[in-house]
Amino acid sequence: MAIVDQALPHIAKISPYIPGKPVSELQRELGLSRVTKLASNENPLGVSAKVEQAAKLALKTLGRYPDGNAFYLRAAIAEFTCRTMPEVMVGNGSNELLEFVGRVFAGPGDEVIFSQYAFAVYAITAQIIGATPIQVTAKAYGHDLDAMAAAITSKTKLIYLANPNNPTGSFFSADALTAFMQKVPANVVVVYDEAYLEYVERDDAPSGLALLDQYPNVIVTRTFSKAYGLAALRVGYLLAHPDIVNLLNRIRAPFNVNELSQVCAVAALADQDFVAASVALNKQERSKVITALTHMGYTPLPSEGNFVCVNMGPEAASINQQLLQLGVIVRPVANYGMADFLRISIGTEAENQHLITALAQVK
Ligand SMILES: *Cc1c(COP(=O)(O)O)cnc(C)c1O
């Protein structure tokens, strides 16, 4: 008997998460010196200088275990969000927290609702915990909140919402979220994933935090991986009722966020000028990239994030391959059922120019 037959069947059939191709991998494969990675929605400005300074100091303390309760980081997050420390939990990326919620609240026989084209981790989590994934058909590549509310049954335990959503960039308004929450029973946990919150510049944007007082079943997740420029360090946080945080803490490994990550996240949170500069760069460059793509005859989906998702037709996979040859890494999203699309992160001016030049060459 093969060892795979010994694995739990619901685990063996999971399709693993497909990350963006690392720069070093493409350099290794093709011997290219110049590689532009626009595949993982990272901050193209990299790390803030203040974070670098903090990291240098922290290196001296790496011989000791970190603070398992992440006191200073949770205190900084509580202050920044105007919430209390018992409402704050930090994770090894918000990815870890998204999974903790699943493991605590749902299992075999339970239903977990998320949108078609929503962040892949929701579906993967539902599978990991052996729950039944309920994927609700999208509307214009975004969340159809009416249909998601209608999909709630007595078996529903958990709903994941991403706003803006990745990989599509879609967005729903505060009014739409309020109307949705009114239809969700109090015993169903709603995860409101704000990974791209910082980039949203709309008057009708919902505030996840505003939901917390009214709905003790809401969990807001955020990350340091995108606008804060700490993707490599894997830090995210959630805000929720202290009873929820208490439950989630029971399954957390003792030192889930390492010392360097805690120190750098504190410094990153304190450097809001860096975040503002990153957001401003994204705004300016996103519109340039959209204009260039439009001139080439493509129609990117509307995006509130630091990336655009573009329909390239049946040639998408081949265009992706040719871009790689030219040293540009973007993200195919065929695993999302969007085989004709490529997702392109917004880079620096020079990186975006590399993309645009390469794309023109490919065409
Ligand atoms: C990138 C992303 C995350 C965050 O991932 P981390 O684990 O914090 O790096 C969460 N949700 C969405 C929708 C994302 O795109």
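Preceding this paragraph is the structure being described.
Report follows, based on the coordinates.

Criteria and cut-off values
- Residues numbered from 1 in each chain as written.
- Predicted model: local features only at pLDDT ≥ 70, side-chain atom pairs only at ≥ 80, totals over all residues.
- Heavy atoms only, no water.
- 1 Å grid on protein atoms, 1.4 Å probe; cavity = no way out; pocket = protein on both sides within 12 Å on 5 of 7 lines; lining within 4 Å.
- Points joined across faces, edges and corners; volume = space filled by probe spheres on them.
- Helix = DSSP H or I, 4+ residues; strand = E, 2+ residues; numbered from the N terminus.
- Nonpolar A, V, L, I, M, F, W, Y, C, P; charged D, E, K, R; others polar.
- Domains from an automatic or database assignment.
- Pairing = 2+ DSSP bridges.
- Axes fitted to C-alpha atoms, helices over the stretch in contact; angles between N-to-C directions.
- Near = heavy atom within 4 Å.
- Polar contact = N/O pair within 3.5 Å; in protein donor to acceptor, adjacent residues only side chain to side chain.
- Areas by Shrake-Rupley, 256 points an atom, 1.4 Å probe, with all protein chains shown as cover.
- Sits in = over half its atoms within 2 Å of the grid points.

Structural notes on the layout of surface pockets
Stage number 1. Looking at the largest pocket, its volume works out to about 500 Å³.
Stage number 2. Taken together, 28 residues make up the lining of the largest pocket; nearest its centre are Y17, S40, F119, K226 and R234.
Stage number 3. Of all the elements in the fold, those that place two or more residues in the lining of the largest pocket are α5 (94-105) and α6 (120-128).
Stage number 4. The leading source of residues in the lining of the largest pocket is α5, at 3 residues.
Stage number 5. The residue makeup of the lining of the largest pocket, split by class, is 11 nonpolar, 10 polar and 7 charged.
Stage number 6. Both of domain 1 (19-46 + 273-361) and domain 2 (49-270) provide at least three residues apiece to the lining of the largest pocket.

Thoughts on the sheet that holds strand β11 (residues 331-333)
Stage number 1. An order of β9-β12-β11 is seen for the 3 strands of this open sheet, with the pairing classed as antiparallel. Whereas interior strands pair on both sides, the edge strands pair on one side only; in this sheet they are β9 (307-311) and β11. When the angles between neighbouring strand axes are averaged without regard to direction, this sheet yields 30 degrees.
Stage number 2. Across 3 bridges, β11 lies against strand β12 (residues 338-345) in antiparallel orientation. Across the sheet, V333 pairs through a bridge with M338, a residue of β12.

Overview of the site of the ligand
Stage number 1. For the ligand, the full set of nearby residues is G93, S94, N95, F119, N166, D193, A195, Y196, T223, S225, K226 and R234.
Stage number 2. Between an oxygen atom of the ligand and a main-chain N or O atom of S94, the distance comes to 2.7 Å.
Stage number 3. Between the ligand and K226, the relevant distance is 3.2 Å, taken from an oxygen atom to a side-chain nitrogen or oxygen of the residue.
Stage number 4. Burial of the ligand by the protein amounts to 94% of the accessible area it has alone, namely 390 Å².
Stage number 5. Mapping the ligand onto the cavity grids shows that it belongs to the largest pocket.

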